[in-house]
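Below are the chains, spelled out letter by letter.
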Amino acid sequence: MKLSIVFHTPEIPGNTGNAIRLAAVTGAHLHLVEPLGFDLSDAKLRRAGLDYHDLAHVTVHPNIDDAFEQLAGRRIIAFTTHTDKHFGSLEYREDDVLLFGRESTGLPQSVADDPRIDERVRIPMLPSRRSLNLANSASIAAYEAWRQLGYPGGS
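These numbers were taken from a predicted model, which means no experiment stands behind them.

The rules behind the values
Residues numbered from 1 in each chain as written. Predicted model: local features only at pLDDT ≥ 70, side-chain atom pairs only at ≥ 80, totals over all residues. Heavy atoms only, no water. Salt bridge = Lys/Arg side-chain N within 4 Å of Asp/Glu carboxyl O. Helix = DSSP H or I, 4+ residues; strand = E, 2+ residues; numbered from the N terminus. Buried < 20%, exposed > 50% of the residue type's maximum accessible area, 1.4 Å probe, protein only. Pairing = 2+ DSSP bridges. Axes fitted to C-alpha atoms, helices over the stretch in contact; angles between N-to-C directions. Contact = heavy atoms within 4.5 Å. UniProt positions renumbered as here; feature names shortened; annotations may be inferred. Expected span 1.5 Å × (residues − 1). Polar contact = N/O pair within 3.5 Å; in protein donor to acceptor, adjacent residues only side chain to side chain. Phe/Tyr/Trp six-rings, centres within 6.5 Å; stacked < 30°, edge-to-face > 60°. Core = buried A, V, L, I, M, F, W, Y, C linked by side-chain atoms within 4.5 Å.

Q: Help me understand the pattern of salt bridges, please; the structure alone is not making it clear to me.
A: Pairs can form between side chains of opposite charge once their charged atoms are near each other. Here the structure, examined in full by the defined rule, presents seven salt bridges. For the salt bridge of Glu 11 with Arg 102, the shortest nitrogen-to-oxygen distance reads 3.2 Å. Of this pair, Glu 11 sits in the loop between β1 (4-8) and α1 (13-26) while Arg 102 sits in the loop between β5 (97-100) and α4 (109-112), and the two are 91 residues apart along the sequence. With a relative accessible area of 27%, Arg 102 lands in the partly exposed category.

Below, the structure written as structure tokens:
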């Protein structure tokens, strides 16, 4: 699977640790955009990722422009609450990029409005709920994409 998951300036080490596990078990590539709200050697990050760190492909980018440059030519799908389009309405491609914002504020408007974003989608929730956990959101999206692709490489 060549799917990529991007966390834009994540704040909570446990979420990123869980995303490392997600990348390891699905074959997705995890991209982290700085500044990070934690040190990559953080014990909570290591604990959440368990022994999957060596099985996951993780790249750290100094800023979103660097991430976009490295991912150029691929469809970038931004997950945001500021759209009516549901994530399940897309036909996912093997090399899609799933972009998520930070835990406290989501994607900054400047990133969500960036012309390099190809799609803006949301994960449906009941009314009056603020948000899902970041790692859970990435899991929901990655598994929907992987399901549509027929779980390549999975058993």
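Q: I'm lost on the sheet that holds β1 in this one. Help?
A: Strand-to-strand pairing in sheets goes through backbone hydrogen bonds, with the strands running parallel or antiparallel. Spatial strand order, β3-β2-β1-β5-β4-β6: six strands in an open sheet with parallel pairing. The sheet is open, and its two edges are formed by β3 (57-61) and β6 (119-121), each paired on a single side. Averaged over all pairs of adjacent strands, the angle between strand axes in this sheet comes to 20 degrees, irrespective of strand direction. Of the strands in this sheet, β1, β2 (29-33) and β3 touch α1, which is tilted by about 155 degrees from β2. Along the sheet, helix α5 (residues 134-148) makes contact with β1, β4 (76-79) and β5, crossing β5 at roughly 160 degrees.

Q: Mind showing me how you'd approach the UniProt feature "binding site: S-adenosyl-L-methionine" (unreviewed entry) in the chain here?
A: Under the UniProt annotation, "binding site: S-adenosyl-L-methionine" (unreviewed entry) lies at Gly 101, Ile 123 and Ser 131. A maximum C-alpha distance of 13.3 Å is found for the annotated residues, which run over 31 residues; spatially they form one tight group. For Ile 123, the location among the structural elements is in the loop between β6 and α5. With respect to the element layout, Ser 131 can be found in the loop between β6 and α5. Judged by relative accessible area, which is 39%, Ser 131 ranks as partly exposed.

Q: It is not clear to me how α5 should be interpreted in this structure. Could you clarify?
A: An α-helical segment advances 3.6 residues per turn. Residues three or four places apart therefore align on the same side. With 15 residues, α5 extends 21 Å between its outermost C-alpha atoms, agreeing within 8% with the 21 Å of an ideal straight helix rising 1.5 Å per residue. When we look at burial in α5, the residues that qualify are Leu 134, Ala 135, Ser 137, Ala 138, Ala 141, Ala 142, Glu 144, Ala 145 and Trp 146. Elements that come into contact with the buried residues of α5 comprise β1, α1, β4 and β5. The N-cap of α5, judged by a side-chain oxygen 2.9 Å from the amide nitrogen of Ala 135 a few residues on, is Asn 133.

Q: Quick question: what am I supposed to make of the packing of aromatic side chains here?
A: Any two aromatic rings considered together are summarised by their centre-to-centre distance and by the angle between their planes. For the structure shown, the criterion picks out four aromatic pairs. Where Phe 7 meets Phe 100, the ring centres are 6.2 Å apart and the plane angle is 85 degrees; that geometry is what we call edge-to-face. Of this pair, Phe 7 sits in strand β1 while Phe 100 sits in strand β5, and the two are 93 residues apart along the sequence. Pair check on accessibility: Phe 7 and Phe 100 agree, each one buried. Their ring planes at 75 degrees and their centres at 5.4 Å tell us that Tyr 143 and Trp 146 sit as a pair that is edge-to-face. With a gap of three residues between them, Tyr 143 and Trp 146 both fall in helix α5, about one helical turn apart. In textbook terms, an aromatic cluster arises when at least three aromatic residues are bridged by ring pairs, as seen for Phe 7, Phe 79 and Phe 100.

Q: What should I look at first to understand the nonpolar core in this one?
A: Within soluble globular proteins, side chains that are nonpolar tend to cluster in buried spots. Core analysis: the biggest nonpolar cluster contains 28 residues, and Ile 5, Phe 7, Phe 79, Tyr 92, Leu 98 and Phe 100 have the highest contact counts within it. With 14 residues, the next largest nonpolar core counts Phe 68, Ile 76, Ala 78 and Val 111 among its residues.

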